Amino acid sequence: MSDTSPFPTAPAAPPAASPDRLHVLARRILSRCLGSVGVLLAAATVSFLAMHMMPGDIVSAILGGPAADPTPQTVAAAVREYGLDRPLPVQYGLYLDRLLHGNLGTSFSQHLPVIAVLRAELLPTLELAASALVLAWLLALASVLGTVRRRSWLSALGSGLETVGAALPQFWLGLLLLWLFAFTIHLLPPAGSDSVAALVLPTVALAVPLGGFLAQVTREAFEIALDQPFVLTARARGLGDWSVRTRHVLRHALLPGISLSNWAVGALIGNAVVIETIFSRKGIGRQLVLGVSSQDMPLTIGIVLLVSLTYVVAGFLTDALYVLVDPRLGARR
Amino acid sequence: MSAGLLDAAAGSAAAEAGQAGSRRPALRVAPALAGLFLLFLLLAAIAPDLLSHTDPLAIVPRDAFRPPGWAHPFGTDQSGRDIFARIVHGTRQSLLVGLGATGLAMAAAIGLGLLGGLCGRVAERAVGWLVQVMFSFPVLILALLFAASFGNGIVPLVAATGIGSAPGYARMVFGQVLSVRDAGYVEAARALGHGPLRIVRAHVLPNAMRPLVVTATMGVGHAIMWASALSFLGLGAPPPRPEWGTMLSMGRSFVANAWWLTFFPGLAIVLTMLSTTVLGRALQRRLEGRTA
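Quick caveat, the model's predicted, so the values are computed rather than measured.

1. Structural notes on the overall build of chain B
Assigned secondary structure in chain B consists of 10 helices and zero strands. In chain B, the order of α-helices and β-strands from amino to carboxyl end is α-α-α-α-α-α-α-α-α-α. Considering chain B as a whole, with its 292 residues, one finds that 47% of them fall into the buried category. The contacts of chain B with a sequence gap of at least 6 include a subset with a gap of at least 24, amounting to 70%. For chain B, the accessible area works out to roughly 13,700 Å², and carbon and sulfur atoms hold 67% of it.

Here it is, written out as structure tokens:
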């Protein structure tokens, strides 16, 4: 706050050039919020278009898919509510209005309001995604801290395992784990969503590929950071190798991985679709598959919007985490 | 203390040297293996009958659920069909889906990138925002949304996978177009009086595409995986056809007592993905080495 703007009263001065950090911060938060609203609007628009691109009658898409046989009264009610007899922009406006009021329609495959389905299914998915994210980072850190620039065979082994791990499709890994741990040695339950034991296999199946990917990114940054002068300084101060790695190098090496967290959360929720199906877990992923395969458009759109919302929140958290970890930003605070 | 420091320095230097020494041959072996595997896949896609004489659709009920052995190297499925034959015959489908989806994604990305980079400030802002926002949106969710509206089958599968993975490419192309747009050679071409179409074709596109070659190579493997995930969820090729994702999906019901039904089709997907990744990286090193 010690520095003052050279033109404090000039309105023509571009705000970005103003050295006032609070101002910059406020601008950043504002643009971030606008961007988030934009993501939600984009998701809503894409969903709207997808619903209108569906083959067949839109009324049946809302009321019960190709197999439904609605009465003329319900059809008339739907036409009125959704404005189906009016031009497309009006329909779009009505659609956004309904979303703003939290009205996501009724899922005909579940015979429940979409909101109720989402409320019941979100928590198990978040639980799965969170535990997988934690495990993925633990695996990545173990591999990077344990093998980067150690003995050459160890280093090669670490980076090889990471490449293979990142290339494993979650559904295949899930099936192998299911076969091995649930059906062959009967160690863990094959399905379910209530116990901690049932969470283990799905978590591992989601975490290994993500961990491999995060480890690859972190390894590269770790190698670059190891060559920085501050490492030599730290060693000259008499710090042991382990301390140098964990206290100084790691903080720099974590940044690229953290900036990918937003992507990682998206990938986890996306892949949870497959994993929840394999392990018959409760969750929005499995509901999405059910919704898509029964062409239950209200449910499908509700889940896509919910995933977008989660994605936006994850974006905020990623930014916050970045500020906390980045040593350069920390020094400036 | 200084001895320890020297030690550490020497150690890291030795590690570096060791790494370089051990990496060089490993680098050549891995891409060679990857290339060999992809050639094998290509052969399987073009002439599957050369690799397997068994009919992938022949139902032999008394041979159902045979574990891997001499007669059936990868075992047989619930109808006694040979898994190896089915994987070989499914290669064409899987490769076509992967290539088609990657091609579609690239085409969409190039369109968006050129639009954003060359059509004025408003377009630049809009595309920049769109790309930023969509880049990390879950591919599978997007693909599922489109699968819901397109219905089942191979063409919807390609479309859904392609649209799902387009944002990642678009981000790259857009960034490249922005950096190429202001390059000296483009300015020179403009000064020479070349038309905008000619400049785009001769300068902007080739230069913007170079890093994309690497991404696309790796992308084919990923597209095959995404498409198999969709097929696995029952949104791809209809069941009797041999397709890797569909085979996995069918084998899922029997995972408790016949692991080979899911193991081998999945292995084909993993090896394909690994091969394209390794080959893409080798390509990247080569391109970087050339420009550096």
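2. As for a nonpolar patch on the surface
On the surface, a nonpolar cluster with roughly 630 Å² of combined accessible area is contributed by Val29, Leu33, Leu36, Leu39, Leu42 and Ile46 of chain B. Assignment of secondary structure puts Val29 of chain B in helix H1 (residues 2-46).

3. Focus: the domain arrangement of chain A
Residues and elements named next belong to chain A. With domains assigned, chain A is organised as domain 1 (28-100) and domain 2 (114-332). At the junction of the two partners, domain 1 supplies 17 residues and domain 2 supplies 14 residues. Carbon and sulfur atoms make up 74% of the area that domain 1 and domain 2 hide from each other, which totals about 1,300 Å². Between the two partners, domain 1 and domain 2, sit zero salt bridges. Linking domain 1 with domain 2 are zero residue pairs in polar contact (both at pLDDT 80 or more), by the criterion used here. Elements with a contribution of two residues or more to the side of domain 1 that touches domain 2: helix H1 (21-53), helix H2 (58-63) and helix H4 (88-100). No other element matches H1, which puts 10 residues into the side of domain 1 that touches domain 2. Split into classes, the residues belonging to the side of domain 1 that touches domain 2 amount to 13 nonpolar, three polar and one charged.

4. Considerations on the layout of surface pockets
All names here are of chain A. Reported here for the second largest pocket is a volume of approximately 480 Å³. Along its surface, the second largest pocket is lined by 21 residues, and Leu133, Ser261, Val265, Ala314 and Leu317 are the ones closest to its centre. Elements with a contribution of two residues or more to the lining of the second largest pocket: helix H5 (114-147), helix H10 (241-259), helix H11 (261-278) and helix H13 (297-325). Ranked by the residues each element gives to the lining of the second largest pocket, the list is headed by H13, at eight residues. Grouping the constituent residues of the lining of the second largest pocket by class yields 17 nonpolar, four polar and no charged.

5. Description of empty space enclosed by the protein
Across all of its chains, the model carries five cavities of 30 Å³ or more by this definition. Where the lining of the largest cavity is concerned, the elements lending two or more residues are H4 and H13 of chain A. Here the residues of the lining of the largest cavity sort into eight nonpolar, three polar and one charged. Here the lining of the largest cavity spans two domains, since at least three of its residues come from each of domain 1 (28-100) and domain 2 (114-332) of chain A. In this structure, the second largest cavity encloses a volume near 70 Å³. Residue lining of the second largest cavity: Asp77, Gln78, Arg81, Ile83, Arg86, Met247, Met250, Gly251 and Leu261 of chain B, and that is the complete set.

6. What about the packing of helix H4 (residues 120-134) of chain B against helix H6 (residues 154-181) of chain B?
Residues and elements named next belong to chain B. Across the interface, H4 lies against H6 with an axial gap of 8 Å and an inter-helix angle of 140°. What the angle tells us is that H4 and H6 run oblique. Classified by chirality, the crossing of H6 by H4 is left-handed. Contacts between H4 and H6 involve Glu124, Val127, Gly128, Val131, Gln132 and Met134 from the former and Pro167, Ala170, Arg171, Phe174, Leu178 and Arg181 from the latter. For the contact of H4 with H6, the per-class residue count stands at seven nonpolar, two polar and three charged.

7. Looking at the packing of helix H7 (residues 170-184) of chain A against helix H8 (residues 197-226) of chain A
All names here are of chain A. Two elements in contact, H7 and H8, have axes separated by 9 Å at closest approach and are oriented at 140°. Here H7 is positioned oblique relative to H8, judged by the angle of their axes. Relative to H8, H7 is oriented so that their crossing is right-handed. Facing Gln170, Leu173, Gly174, Leu177, Leu178, Phe181 and Ala182 of H7, the residues of H8 in contact are Leu201, Val204, Ala205, Leu206, Val208 and Pro209. Counted by class, the contact of H7 with H8 contains 11 nonpolar, two polar and no charged residues.

8. Structural notes on the confidence of the model for chain B
One rule of thumb: low pLDDT means the predicted coordinates there are not for detailed reading. Residues and elements named next belong to chain B. Per-residue pLDDT for chain B averages 79, and the proportion of residues at 70 or more is 88%. The least confident element of chain B, judged by mean pLDDT, is H1 at 60; the most confident is helix H3 (residues 83-118) at 89. Low pLDDT, under 50, characterises residues 1-26; the predicted model gives this stretch 18 contacts beyond four residues in sequence or across chains.

9. Some details on the interface of chain A and chain B
On the chain B side, the residues contacting the 54 residues of chain A number 44 residues. Here chain A meets chain B over a buried area of about 4,400 Å², counting both sides, of which 77% is carbon and sulfur. Considering only the surface of chain A that becomes buried against chain B, Phe171, Trp172 and Leu175 of chain A emerge as the three largest contributors, covering 14% of it. Counting the contacts that link chain A with chain B gives zero salt bridges. Where chain A touches chain B, the interface holds three residue pairs in polar contact (both at pLDDT 80 or more). Mapped onto the side of chain A that touches chain B, the elements with two or more residues apiece are H1, helix H6 (152-167), H7, H8, helix H9 (229-236), H11, helix H12 (284-293) and H13 of chain A. If one sorts the elements of the side of chain A that touches chain B by residue count, H11 of chain A sits on top with nine residues. For the side of chain A that touches chain B, a count of residues per class yields 32 nonpolar, 17 polar and five charged.

Calculation criteria
- Residues numbered from 1 in each chain as written.
- Chains lettered and ligands numbered in written order.
- Predicted model: local features only at pLDDT ≥ 70, side-chain atom pairs only at ≥ 80, totals over all residues.
- Heavy atoms only, no water.
- Helix = DSSP H or I, 4+ residues; strand = E, 2+ residues; numbered from the N terminus.
- Buried < 20%, exposed > 50% of the residue type's maximum accessible area, 1.4 Å probe, protein only.
- Contact = heavy atoms within 4.5 Å.
- Areas by Shrake-Rupley, 256 points an atom, 1.4 Å probe, with all protein chains shown as cover.
- Patch = residues over 30% accessible without salt bridge, like charges linked within 9 Å, V, L, I, M, F, W, Y side chains within 5 Å.
- Salt bridge = Lys/Arg side-chain N within 4 Å of Asp/Glu carboxyl O.
- Domains from an automatic or database assignment.
- Buried area = accessible area lost by both parts, 1.4 Å probe.
- Polar contact = N/O pair within 3.5 Å; in protein donor to acceptor, adjacent residues only side chain to side chain.
- Nonpolar A, V, L, I, M, F, W, Y, C, P; charged D, E, K, R; others polar.
- 1 Å grid on protein atoms, 1.4 Å probe; cavity = no way out; pocket = protein on both sides within 12 Å on 5 of 7 lines; lining within 4 Å.
- Points joined across faces, edges and corners; volume = space filled by probe spheres on them.
- Axes fitted to C-alpha atoms, helices over the stretch in contact; angles between N-to-C directions.
- Parallel < 35°, antiparallel > 145°, perpendicular 65-115°, else oblique.
- Left-handed = near helix turned anticlockwise from the far one by under 90°.
- pLDDT = per-residue confidence, 0-100.

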